[in-house]
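One letter stands for each residue in the lines below.
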Amino acid sequence: MSKERTLSIIKPDGVEKGVIGKVIGRFEEEGLKPVAIRMARLSQAEAEGFYAVHKARPFFKDLVSFMTSGPVVLMVLEGENAVAKNREVMGATDPAKAAPNTLRKLHASNIEKNTVHGSDSADNAKVEIAYFFPETAISAYEWKR
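Residues numbered from 1 in each chain as written. Predicted model: local features only at pLDDT ≥ 70, side-chain atom pairs only at ≥ 80, totals over all residues. Heavy atoms only, no water.

## Observations regarding the sheet that holds strand E4 (residues 116–118)
Taken together, the four strands give an open sheet; going across it, the order is E2-E3-E1-E4, and neighbouring strands pair in antiparallel fashion. Only two strands of the sheet have a single neighbouring strand rather than two, namely strand E2 (33–40) and E4. The mean inter-strand angle of the sheet, taken between neighbouring strand axes irrespective of direction, is 20°. Those strands touched by helix H2 (residues 20–29) are strand E1 (3–10), E2, strand E3 (72–80) and E4, and its axis lies near 160° from that of E2. (Pairing = 2+ DSSP bridges. Helix = DSSP H or I, 4+ residues; strand = E, 2+ residues; numbered from the N terminus. Axes fitted to C-alpha atoms, helices over the stretch in contact; angles between N-to-C directions. Contact = heavy atoms within 4.5 Å.)

Now the structure itself:
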């Protein structure tokens, strides 16, 4: 196993539902520790840039509109195999297909309002983290378990 970092976002629907503490608590219970965290309201340019990989897809415009509709919580999570663990805890993109007790099964409304985002690979995690957090904003604190 290897310690790594991943980006996690609590999306506008999660913030609106008031599940910020539950989501962060769940990550901590699963061994993923926040080493950087901030709340922000993404601009259209920020959302378009972050989701540029989906620009040609039919849902791009709606995704950008949703991600700019309210505040989000941006986090860098650190832990053993953080990318895979985060994705496991989040569950399938479509909450109807998500495993029981995953964040999306518990809190998401539908495939579009699915409460959380997580990096899909270690390489993408590095890019996504750098998009929102300079290295100096990430804690070097060694978490004890």
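## What about the UniProt feature "binding site: ATP" (unreviewed entry) in the protein chain?
Cross-referencing UniProt, the feature "binding site: ATP" (unreviewed entry) maps to Lys11, Phe59, Arg87, Thr93, Arg104 and Asn114 in the present numbering. Annotated residues from the preceding list that form part of the lining of the largest pocket: these are Lys11, Phe59, Arg87, Thr93, Arg104 and Asn114. With respect to the secondary-structure elements, Arg87 resides in helix H5 (residues 82–90). The class for Arg87 is partly exposed, based on a relative accessible area of 34%. (UniProt positions renumbered as here; feature names shortened; annotations may be inferred. 1 Å grid on protein atoms, 1.4 Å probe; cavity = no way out; pocket = protein on both sides within 12 Å on 5 of 7 lines; lining within 4 Å. Buried < 20%, exposed > 50% of the residue type's maximum accessible area, 1.4 Å probe, protein only.)

## Focus: the environment of Ala56
Note that Ala56 resides in the loop between helix H3 (44–50) and helix H4 (60–67). Distance in space between the C-alpha atoms of Ala56 and Ile138 is 32 Å, their sequence separation being 82 residues.

## Some points on the pattern of salt bridges
Between side chains of opposite charge, pairing is possible as soon as their charged atoms come close. With the rule as written, the count across this model stands at six salt bridges. A salt bridge links Glu78 to Lys3, with the nearest nitrogen and oxygen atoms 3.8 Å apart. Here Lys3 lies in strand E1 and Glu78 lies in strand E3, a separation of 75 residues in the sequence. Residue classification places Glu78 among the buried positions, given a relative accessible area of 11%. On the basis of relative accessible area, Lys3 is assigned to the partly exposed category, the value being 43%. With a closest N to O distance of 3.6 Å, Lys85 and Glu30 form a salt bridge. In this pair, Lys85 sits in helix H5 while Glu30 sits in the loop between H2 and E2, placing the two residues 55 residues apart along the sequence. What makes Lys85 partly exposed here is its relative accessible area of 22%. Members of the salt-bridge network, linked through shared partners, are Lys3, Arg5, Glu78 and Glu135. (Salt bridge = Lys/Arg side-chain N within 4 Å of Asp/Glu carboxyl O.)

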